[in-house]
Amino acid sequence: MKTKVLVVDDNKALVGMIQEYFEDNKNIEISCVAHDGEEAVNVVKDNMSSIDVILLDLIMPKKDGVYVLDKLKSMGIKKDIIVITSFNEEETIRKVSEYGVKYVVLKPFELKDLESKILEVKNKPKGNIINVGANNLNISVSKILHELGIPSHIKGYQYIREAISLVYERPELIGGITKELYPLVGKTFDTSTSRVERAIRHAIEVSWNRGDWDLMEEIFGHSVDIDRAKPTNSEFIVTIADKLRLDSLKVR
């Protein structure tokens, strides 16, 4: 049985290209289209059985993609959603991911890559949030730091995000947090190793005072005694990097 797709985008030329690409596809059918948020909600309500996946642009006339996500959630309508957008702003992408979006694909994209994402969505377990794009790691790190209560305006937020990203990509740095990791972060932000260490420690203290304790228990419960003391800088950085790495394996 073919996967039936609703395409929601005000760019009619792009919608036409997508329709043409999938015209003779054996696995995917473009069953419906819409060109603004209001129309999209109505199309979904009128064609529930003809839609498995929604390709959703964020910036559209009348009502935007966030409006569509909010309306579908309020109506209890659950569909697999792939956001396709050129709006590469972390806070907005973090916000739409909270609606259960499966992928965020940044424009421009290859249609063959979009095809693979649609098929992957149908073959993956429910409940996983997957962000795809050049800055997908930054988005994932930013999301978890926000949930842990670290405000983005403090210096430690930028330093700790960079540190987690580096450890995620280069696990060998785990053995050299002070001598290797901090200098790399300091070089990126043109500051000293000691300032990096202090700012990260302060960010963790802020998190421990205002963060989500259930999430802290989930992330740090097995690695540190959260009832007794907050994690060290290295425990915090390594544990989150490990969590992100494991999460990425679960959704592949």
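Coordinates for the structure precede this section.
Notes on the structure in this doc start here.

Definitions and cut-offs
- Here the residue index of a chain counts from 1 through its sequence in written order.
- Only residues with pLDDT of at least 70 are given local features in this predicted model, and only at 80 or more are side-chain atom pairs given and counted; all residues enter the totals for whole chains, interfaces and linings.
- Values reported for side chains reflect all heavy atoms of the structure, with hydrogen atoms and water molecules removed beforehand.
- Between buried and exposed lies partly exposed: a residue is buried under 20% and exposed over 50% of the maximum accessible area for its type, with that area taken using a 1.4 Å probe on protein chains only.
- Working definition: helices are DSSP H or I runs of at least four residues, strands are E runs of at least two. Numbering for both runs from the N terminus.
- Paired strands, as defined in this entry, are two strands with at least two bridges between them according to DSSP.
- Note on handedness: a clockwise path from strand one over the helix to strand two, with the strands aimed away from the viewer, defines a right-handed crossover.
- Put simply, a nonpolar core is a bunch of buried Ala, Val, Leu, Ile, Met, Phe, Trp, Tyr and Cys residues held in one set by side-chain atoms that sit within 4.5 Å of each other.
- Every residue pair with non-hydrogen atoms within 4.5 Å of one another is taken to be in contact.

Comments concerning the pairing of strand β4 (residues 80-85)
Buried residues dominate β4, accounting for 6 of its 6 residues. Burial along β4 is two-sided: Asp80, Ile82 and Ile84 facing one way and Ile81, Val83 and Thr85 facing the other are all buried. For strand β3 (residues 53-56) and β4, the ladder comprises 4 bridges, and the chain directions are parallel. Bridging from a neighbouring strand, Val53 pairs with Asp80 of β4. Between β3 and its parallel partner β4, the chain crosses via helix α3 (residues 65-74), and the hand of that crossover is right-handed. Sheet topology places β4 next to strand β5 (residues 103-106); 4 bridges connect them, and they run parallel. Following the sheet pairing, Ile82 is matched in β5 by Tyr103.

With respect to the nonpolar core
One finds Leu145, Leu148, Ile164, Leu181, Ile200, Phe236 and Ile240 to be the most contacted residues of the largest nonpolar core, which totals 35 residues. Elements that contribute at least two residues to this core include exactly α6 (136-147), α7 (155-169), α8 (177-189), α9 (193-210), α10 (213-220) and α11 (233-250). Sorting elements by how many residues they give to this core places α7 first, with 7 residues. Excluding its chain neighbours within four sequence positions, the residues that come into contact with Phe236 are Leu145, Leu148, Ile150, Ile160, Ile204, Ser207, Phe220 and Pro231. Within the second largest apolar cluster, 24 residues are counted, among which are Leu6, Leu58, Val68 and Leu106.

Concerning the pairing of strand β1 (residues 3-8)
For a regular strand, side-chain orientation follows a simple rule: the groups alternate between the two sheet faces. Of all 6 residues in β1, 5 are buried; the element is thus mostly enclosed. Relative to strand β2 (residues 28-34), β1 runs parallel, the two being bridged by 6 bridges. Bridging from a neighbouring strand, Val8 pairs with Ala34 of β2. In this view, the connection linking β1 to its parallel neighbour β2 by way of helix α1 (residues 12-21) has right-handed handedness.

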